[in-house]
Amino acid sequence: MYALNEAVANVRHQIESHDTRFTILVGSLGLLFLLALALRSSPTNQKQAPMLSETIPYVSNTLQYMTNMNTFLARTKKALAKRNIVGFRLGGRPFYFLTSPPNIQTFFRTSPAIGFETFILVAITNMMGATPKDVAKFAHDKSGRQPNPAPGTAEDAKRYWFDMQTMMHKYLSTTHYSDALARTYQRFFNRELDAYYDSLLANSSAKDDPEWTEMRIIPLLKATMAKAAILSLQGEYIFEVVPDLLDRFWDYDKVLSTILYGPPKWLFPGVYAKAERFCGATAKFHQAAVAKFDWEGPDREKDWDPVLGSRFWREFSRWLTDCGFTPRTCGGFAGVTGIVAINANTVPVCTWAIMEMIRGQELLTRLRDEIAGALVEEDGETRFDLQRLVNLPLLQSVYVEVMRLRVSINVTREVVQPLEVDGYLLKPGSVLQAPTEISHYDEAVWGVEGHPAAEFWAERHVKYVDGVPVFEMRGRPTDFFPYGGGVAICPGRHFAKQEIMLTIAMLASKFEYEFVGWVDIASGRPSDRPPINDPKYAGAAGVPPDRDMRVRVKRLW
Ligand code: HEM
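Residues numbered from 1 in each chain as written. Predicted model: local features only at pLDDT ≥ 70, side-chain atom pairs only at ≥ 80, totals over all residues. Heavy atoms only, no water.

As recorded in an unreviewed UniProt entry, the protein chain goes by Cytochrome P450 and comes from Immersiella caudata. Per UniProt, the comment on the protein chain under Cofactor (unreviewed entry) is "heme". (UniProt positions renumbered as here; feature names shortened; annotations may be inferred.)

Pasting the structure below:
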């Protein structure tokens, strides 16, 4: 009884303190109990996978999963120390967390027993706010993502999943187009950095040394990196149509993990208002840009144009329009498949990389030395040779370390036919999740004496052959999957890697830094400790630091 009273008091506290994910759960509790009863009354003689313990059956794990993923992951980490699969029920539905190379291989395998469309539908519905009629178009397409439509589906029916996948693969994942995106990003990022630094200098009150100014790392990257990435993917015109786009996006980013659950609108008007402020604006952009672009003109096949940006965005926008989706649905795609996909992970990951580099001045010096070999002067411009840059051993090692430690995504699949995993037969309707945070922090895989897996160590993936540094990732691909895997693997992964390396390289070589101190983000006051992963982002995306860094900075070129 005490436990129940405590739980009720906790519920009240969470609601009063506006913990949104907690409140979603409260709205679902009635349904949950009904489902729990139904599950209890359906006996099974199947060998059950081990289940995560819980204080209040069918309730506690669900509560914790939805309100405190950080603690939930810490508990499952312990359970998975002795086994490679652990189950729990969420809203009555069986969920399984998987780890170990064989299980991860099964998870990413192309198999008729495993699907992933359900979860993309959830994102299209809740995060993008697509209209129900448009969501139904995707939901009714059962033809799959393979070139041949799945057996039993009409040959001539519109293939939404396959078309989308083909377009993403062709215009994002192939070398020509990811290189083109990276080249454009480099140009815009350099321009945005110059503009940011110039405006800091112009507003600086410290005139004793006119070349030095002070700044914080998080706002720097949220402004310059995000703007350069959007300009590269979607062009310049979007900022004409929506001048305060960045502000709308970062405001929406804060509620992403809440809106993903589709909480009741009447309980969460603020969350939906932020989503509408963002996706409503991107809908306006989509309509205006598709109308403005000259579809018969010379820009149609260019790698970049000012109105619709990259070739990917041009083709994708045309496809969305040709599918007859409403402007609001198209705006949801422009916001989420475009701006969220391109920024929500890369910006926090780079924020960590830059902080590690500045706080370890020796690392900064070594990176600068290495990166110097990839700097070229061309037509009076300083730029990086991409091919050379992405092969630098220390830079690659830093990239893998920040991705390993700062990407926390529960990659998700659904069992659609009975599936054997780790000796257990899982029923259709079960949800499988591979949390990166468990595999990426596995001490047995990543740990080295003096450098535990949980610690950033720039050299973890560098080995020396006859004194020459060579990049060699310590873990296997089944231990490291920040981009997911298999047929649904992130189509933006090649560009993301180039973008992250370019950002680190540009900031390492372009400025001189002096560390000033850590900053408490909420109050803006000095903090007495360095950052840790912000627990609010666990399991959902790139995890930003929970403290900012203040530095003095001087431009070198
Ligand atoms: C550090 C950066 C990034 C990380 C960690 C990341 C991670 C992921 C993950 C885990 C998935 C799901 C894969 C699966 O289910 O197996 C995904 C999907 C996706 N990503 Fe990324 N991503 C990143 C950057 C990007 C960028 C830069 C773009 C665009 C240029 C992008 C576009 C997408 C798209 C469009 C999908 C959905 C694909 C589909 O529906 O099949 N991502 N990403």
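From this point on, the discussion continues.
## Considerations on the overall build of the protein chain
If you tally the helices and strands in the protein chain, you get 23 helices and 18 strands. Radius of gyration (C-alpha) of the protein chain: 24 Å, near the 24 Å computed for a compact globule of 557 residues. Dimensions of the protein chain along its principal axes, counting C-alpha atoms only, are 75 × 60 × 55 Å. A buried classification covers 53% of the 557 residues belonging to the protein chain. A sequence separation of at least 24 residues applies to 71% of the contacts in the protein chain between residues at least 6 apart. Surface exposure of the protein chain reaches about 24700 Å², of which carbon and sulfur atoms provide 55%. With 63 positive and 63 negative side-chain charges, the protein chain shows a separation of 6 Å between the mean positions of the two kinds. (Helix = DSSP H or I, 4+ residues; strand = E, 2+ residues; numbered from the N terminus. Rg over C-alpha atoms; globule rule 2.2 N^0.38 Å. Buried < 20%, exposed > 50% of the residue type's maximum accessible area, 1.4 Å probe, protein only. Contact = heavy atoms within 4.5 Å. Areas by Shrake-Rupley, 256 points an atom, 1.4 Å probe, with all protein chains shown as cover. Lys, Arg positive; Asp, Glu negative; His and termini not counted. Charge placed at Lys NZ, Arg CZ, Asp CG, Glu CD.)

## Quick look at the pairing of strand 14 (residues 468-471)
The sheet contact formed by strand 13 (residues 462-465) and strand 14 spans four bridges and is antiparallel. In the sheet register, tyrosine 464 faces strand 14, and the bridge partner there is proline 469. Hairpin geometry of strand 13 and strand 14 is characterised by an intervening segment of two residues between the two adjacent antiparallel strands and by a positive phi of about 50 degrees at aspartate 466. (Pairing = 2+ DSSP bridges.)

## Some words on the site of the ligand
Surveying the vicinity of the ligand reveals 25 residues, the closest of which are Arg145, Arg413, Gly485, Ala488 and Cys490. Arginine 413 places a side-chain nitrogen or oxygen 2.7 Å from an oxygen atom of the ligand. At 3.1 Å, a backbone N or O of glycine 485 approaches an oxygen atom of the ligand. Counting residues per element, the ones that place at least two in the shell around the ligand are helix 8 (160-173), helix 16 (327-343), strand 9 (407-415) and helix 23 (493-510). Of the residues assigned to the shell around the ligand, the class counts are 17 nonpolar, six polar and two charged. (Near = heavy atom within 4 Å. Polar contact = N/O pair within 3.5 Å; in protein donor to acceptor, adjacent residues only side chain to side chain. Nonpolar A, V, L, I, M, F, W, Y, C, P; charged D, E, K, R; others polar.)

## Here's the deal with the side chain of aspartate 548
Within the fold, aspartate 548 resides in strand 18 (residues 547-555). Beyond its immediate sequence surroundings of up to four residues, aspartate 548 is in contact with Arg216, Ile217, Ile218, Pro219, Met355, Gly517, Trp518, Val519 and Ile521.

## Comments concerning the environment of leucine 256
In this fold, leucine 256 is placed in helix 13 (residues 256-259). In this structure leucine 256 comes out as buried when scored by relative accessible area, which is 12%. The spatial distance from the C-alpha of leucine 256 to the C-alpha of arginine 555 is 35 Å, given a sequence separation of 299 residues. Setting aside residues up to four positions removed in sequence, leucine 256 forms contacts with Met127 and Val340.

## A look at unusual backbone geometry
Of note, aspartate 379 is a non-glycine position whose phi angle comes to about 50 degrees, a positive value. Mapped onto the secondary structure, aspartate 379 falls in the loop between strand 7 (375-378) and strand 8 (381-384). Phi at aspartate 422 is positive, roughly 55 degrees, even though this residue is not glycine. Among the secondary structure elements, aspartate 422 is positioned in the loop between strand 10 (419-421) and strand 11 (424-426).

## Notes on the coordination of the iron atom of the ligand
In an ideal octahedron of six donors the angles at the metal are 90 or 180 degrees, and in an ideal tetrahedron of four donors they are 109.5 degrees. Looking at the iron atom of the ligand, one finds just one donor atom contributed by the protein, Cys490 (SG), at 2.3 Å. Summarising the element assignment, cysteine 490 is placed in the loop between strand 14 and helix 23. (Donors = N, O, S within 2.8 Å, 3.2 Å for Na, K, Ca; no water.)

## Brief notes about the packing of aromatic side chains
Within the structure shown, the criterion is met by 33 aromatic pairs. With centroids separated by 5.3 Å and ring planes inclined at 65 degrees, the aromatic side chains of tryptophan 313 and phenylalanine 316 adopt a geometry described as edge-to-face. Highlighted residues: tryptophan 313 and phenylalanine 316, both in helix 15 (residues 311-322), separated by three residues, approximately one helical turn. A single burial state applies to tryptophan 313 and to phenylalanine 316, both of which are buried. For the pair phenylalanine 316 and tryptophan 319, a centre-to-centre distance of 5.9 Å together with 15 degrees between the ring planes defines the contact as stacked. Taken as a pair, phenylalanine 316 and tryptophan 319 lie in helix 15 at a separation of three residues, close to a single helical turn. Each member of the aromatic cluster is reached from another via a ring pair, and the members are Phe138, Tyr160, Trp161, Phe312, Trp313, Phe316, Trp319, Phe325 and Phe333. (Phe/Tyr/Trp six-rings, centres within 6.5 Å; stacked < 30°, edge-to-face > 60°.)

## Looking at the packing of helix 17 (residues 346-359) against helix 23
Where helix 17 contacts helix 23, the axes come no closer than 10 Å and their chain directions differ by 35 degrees. Helix 17 and helix 23 meet at a crossing whose hand is right-handed. Contacts from Thr346, Val349, Cys350, Ala353, Ile354 and Met357 of helix 17 reach helix 23 at Ala496, Glu499, Ile500, Thr503, Ile504, Leu507 and Ala508. A per-class count over the contact of helix 17 with helix 23 returns 10 nonpolar, two polar and one charged. (Axes fitted to C-alpha atoms, helices over the stretch in contact; angles between N-to-C directions. Left-handed = near helix turned anticlockwise from the far one by under 90°.)

## Notes on the packing of helix 10 (residues 217-234) against helix 17
With their axes 10 Å apart at the nearest point, helix 10 and helix 17 run at an angle of 130 degrees to one another. Here helix 10 is positioned oblique relative to helix 17, judged by the angle of their axes. In this structure, helix 10 meets helix 17 at a crossing whose hand is right-handed. Residues Ile217, Ile218, Leu221, Lys222, Met225 and Ala226 of helix 10 lie in contact with helix 17, whose contacting residues are Thr346, Val347, Cys350, Thr351, Ile354, Met355 and Ile358. Of the residues belonging to the contact of helix 10 with helix 17, the class tally is 10 nonpolar, two polar and one charged. (Parallel < 35°, antiparallel > 145°, perpendicular 65-115°, else oblique.)

## Observations regarding the pattern of salt bridges
A complete count under the given rule lists 40 salt bridges for this structure. The residue arginine 547 makes a salt bridge to aspartate 546 at a minimum N-O spacing of 3.8 Å. Given a relative accessible area of 15%, arginine 547 falls into the buried group. Looking at aspartate 546, the relative accessible area reads 12%, which means it is buried. Among the charged side chains, a network of salt bridges with common partners joins Asp244, Asp247, Arg248, Asp251, Lys254, Lys274 and Arg277. (Salt bridge = Lys/Arg side-chain N within 4 Å of Asp/Glu carboxyl O.)

## A word on the sheet that holds strand 16 (residues 526-527)
Taken in spatial order, the four strands of this open sheet run 4-18-15-16, and their pairing is antiparallel. Two strands bound the open sheet, and with one partner strand each, they are strand 4 (212-216) and strand 16. Inspection of the sheet shows strand 15 (residues 511-520) paired to strand 18 by nine bridges, in the antiparallel sense. Each residue of the ladder has a partner; that of aspartate 520, found in strand 18, is arginine 547. Sheet contacts for helix 9 (residues 175-203): strand 4, strand 15 and strand 18; angle to strand 4, the most-contacted strand, approximately 110 degrees.

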